[in-house]
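Summary of structural features
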Amino acid sequence: MYLYNSATHKKEEFKTHTPGHVEMYTCGPTVYHFAHIGNLRSYIMEDVLEKYLRYAGYDVNRVMNITDVGHLTSDADEGEDKMLKGAKREHKTVMEIARFYTDAFFEDCRKLNIKRPDVVEPATNLIEDYIRIITKLLDTGYAYLAGGNVYFDTSKLQRYYIFNDHNEEDLAVGVREGVEEDTNKRNRNDFVLWFTKSKFEDQALKWDSPWGVGYPGWHIECSGISMKYNGEYLDLHCGGVDNAFPHHTNEIAQSESYLGHSWCPHWCHVAHLNTEGGKMSKSKGEFLTVSLLEEKGYDPLAYRFFCLQSHYRKGLVFSWENLDNATVAFNKLLSKIAALDPRDGAVDEAVFAELKEKFMKAMDNDLNTSMAVTVLYDVLKAKANGATKCAVLESFDTVLGLKLPEKAAELRKKQAAAPAADGFAIISECGEENADIEALIRARADAKKAKNFAEADRIRDELKARGIEVTDVPGGAKWKRI
Ligand code: AMP
Ligand code: ZN
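The structure contained in this document is the topic of the report that follows.

How each quantity is defined
Residues numbered from 1 in each chain as written. Chains lettered and ligands numbered in written order. Predicted model: local features only at pLDDT ≥ 70, side-chain atom pairs only at ≥ 80, totals over all residues. Heavy atoms only, no water. Helix = DSSP H or I, 4+ residues; strand = E, 2+ residues; numbered from the N terminus. Buried < 20%, exposed > 50% of the residue type's maximum accessible area, 1.4 Å probe, protein only. Contact = heavy atoms within 4.5 Å. Areas by Shrake-Rupley, 256 points an atom, 1.4 Å probe, with all protein chains shown as cover. Lys, Arg positive; Asp, Glu negative; His and termini not counted. Charge placed at Lys NZ, Arg CZ, Asp CG, Glu CD. Donors = N, O, S within 2.8 Å, 3.2 Å for Na, K, Ca; no water. Tetrahedral: all angles 85-135°; square planar, octahedral: opposite > 155°, others 65-115°. Near = heavy atom within 4 Å. Polar contact = N/O pair within 3.5 Å; in protein donor to acceptor, adjacent residues only side chain to side chain. Nonpolar A, V, L, I, M, F, W, Y, C, P; charged D, E, K, R; others polar. Pairing = 2+ DSSP bridges. Axes fitted to C-alpha atoms, helices over the stretch in contact; angles between N-to-C directions.

Counting secondary structure elements, the chain contains 16 helices and 18 strands. The dimensions of the chain, computed from C-alpha atoms along their principal axes, are 90 × 50 × 35 Å. For the chain, the proportion of its 482 residues judged to be buried stands at 54%. The contacts of the chain with a sequence gap of at least 6 include a subset with a gap of at least 24, amounting to 74%. Surface summary for the chain: the accessible area is close to 21,600 Å², and the carbon and sulfur share equals 50%. Across the chain, the centroid of the 62 positively charged side chains sits 5 Å from that of the 75 negatively charged ones.

On to the coordination of the zinc ion (ligand 2), then. Donor atoms from the polypeptide that coordinate the zinc ion (ligand 2) comprise C27 (SG), C222 (SG), H247 (NE2) and E251 (OE), at 2.0 to 2.7 Å from the metal. Taken together, the 4 donor atoms coordinating the zinc ion (ligand 2) span angles of 73 to 132° at the metal, a pattern that classifies the geometry as irregular. All donors to the zinc ion (ligand 2) come from one chain, and their sequence spacing reads C-x194-C-x24-H-x3-E. Taken as a pair, C222 in helix α6 (residues 218–229) and H247 in helix α7 (residues 244–259) lie far apart in primary sequence, 25 residues in all.

Here we take up the site of ligand 1. Close to ligand 1 lie 15 residues; T30, G38, S42, D242 and L273 are nearest. Between an oxygen atom of ligand 1 and a side-chain N or O atom of T30, the distance comes to 2.9 Å. Taking S42, its side chain carries an N or O atom lying 2.8 Å from a nitrogen atom of ligand 1. Relative to its unbound accessible surface of 500 Å², ligand 1 loses 93% to contact with the protein. Of all the secondary structure elements, the ones that give two or more residues to the shell around ligand 1 are α1 (37–55) and β12 (236–240). Here the shell around ligand 1 takes 4 residues from α1, the largest share from any one element. Looking at side-chain class alone, the shell around ligand 1 contains 4 nonpolar, 10 polar and 1 charged residues.

As a further point, take the sheet that holds strand β11 (residues 215–216). Read from one edge of the open sheet, 4 strands run β8-β9-β10-β11, paired in antiparallel fashion. Two strands in the sheet have a free side with no partner beyond their single neighbour: β8 (143–146) and β11. As paired strands, strand β9 (residues 149–152) and strand β10 (residues 191–195) are joined by 3 bridges and run antiparallel to one another. Of the residues in β10, the one forming a bridge with Y151 is V192. Relative to the sheet, α7 contacts β9 and β10, its axis offset from that of β10 by approximately 65°.

Moving on, we get to the environment of H247. In this structure H247 comes out as buried when scored by relative accessible area, which is 0%. Along the primary structure H247 and K407 are separated by 160 residues, whereas in three dimensions their C-alpha atoms are 39 Å apart. Contacts of H247, omitting those with residues within four sequence positions, involve C27, W218, H219 and C222. One polar contact links H247 to H219, side chain to side chain, over a distance of 2.9 Å.

The following block contains the structure:
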């Protein structure tokens, strides 16, 4: 498989430390609020990557942290602790906030059919591990104490900027407008490993340490959690593109300095989902969550389909219109699959293998999910029986996670049950449910039955004016948007 590696800036053949086995790490959510659908774009694409690695025959151990301490409002150790901000906003304790939003995150994941990683560890569970790592970094001269905090000394590294070659001035953090520069730092991009001198008197979570009562910096948690559950050699590290600097850069700095050897050769970053107005935010305007999509009548899996239609390394623009288009395409796909009969014949292994090869070729090319979605349509068009097509689609769906077999079966059941209810079946060709339109189609059928053809024609015209085409079929009518 070829996968783009942000550490080398190239598409590379994916290789692992132990053949056939992948140690994979994903940066998890900061649980101070609901995840927005931008965050979830990253988790959807990482889920597809994990599922594809398994599909391609790897055995995968996937680890993820839950950030419940140490992530300040600026990624550069400045500002307020995000968890504390969440607790204040809701008049709850930090632990209550963490528990509530961790559960909410996994509920969103369930709705989006994102598998839970093999290991999920809240940052606050491994404080002893961070203390051990920081102690060694201090002993070996990679870290220093200043003003009560422990900092990592980036000048001790031969190469600090792994993901970008920008000059230090451009990247300098802590010098943004309105943010006070931390004068304890020896170098501008040095970062905090352990805070004792908290600017926030009411910091809720504190632990004893050799350097005083305090709490860990944000970056150390991922190194500590990964080294504990993935071991010393990580194969693949993922996150959203904003994590590359400073978070992932700092993870590499501290992990390699601690281990004394290289840590993770392959880094995968998912590009952002933005709104038409720009950056997606949890504080400005409409807060785009999975629940909001549901409230507006969208199927969360239609959002997953929307994400899969584009490449993970390209920025994606969210708009309701774009989601509408994806929903129509998803529903059409489902109704075409529902029209297949899984009991039609026996699976043709040669056709299965041919289509699987095409699917894997797309996915082996830097996880080209939009091409893989196109292969779904190739399956529908293939010269093969229903059993073969259904088996192939079921197989691809173990990677794409769109619940195609389940949803198609539901649709088939619904369509079969409809005539039994009142002897008149209304089939939506695009899978869309719309009570208004169904009522008009039914009224037209009643008018025809009563030989009121003028009324029947009037209703047909009304539907047409609304962009709906109705076709009579035995026992009912089918409709679609034109
Ligand atoms: P956070 O909860 O802020 O720590 O972020 C969780 C994950 O979402 C991280 O991997 C981020 O890099 C990623 N992320 C943040 N914003 C976006 C976005 N707009 N689109 C895609 N991924 C994002
Ligand atoms: Zn991380």
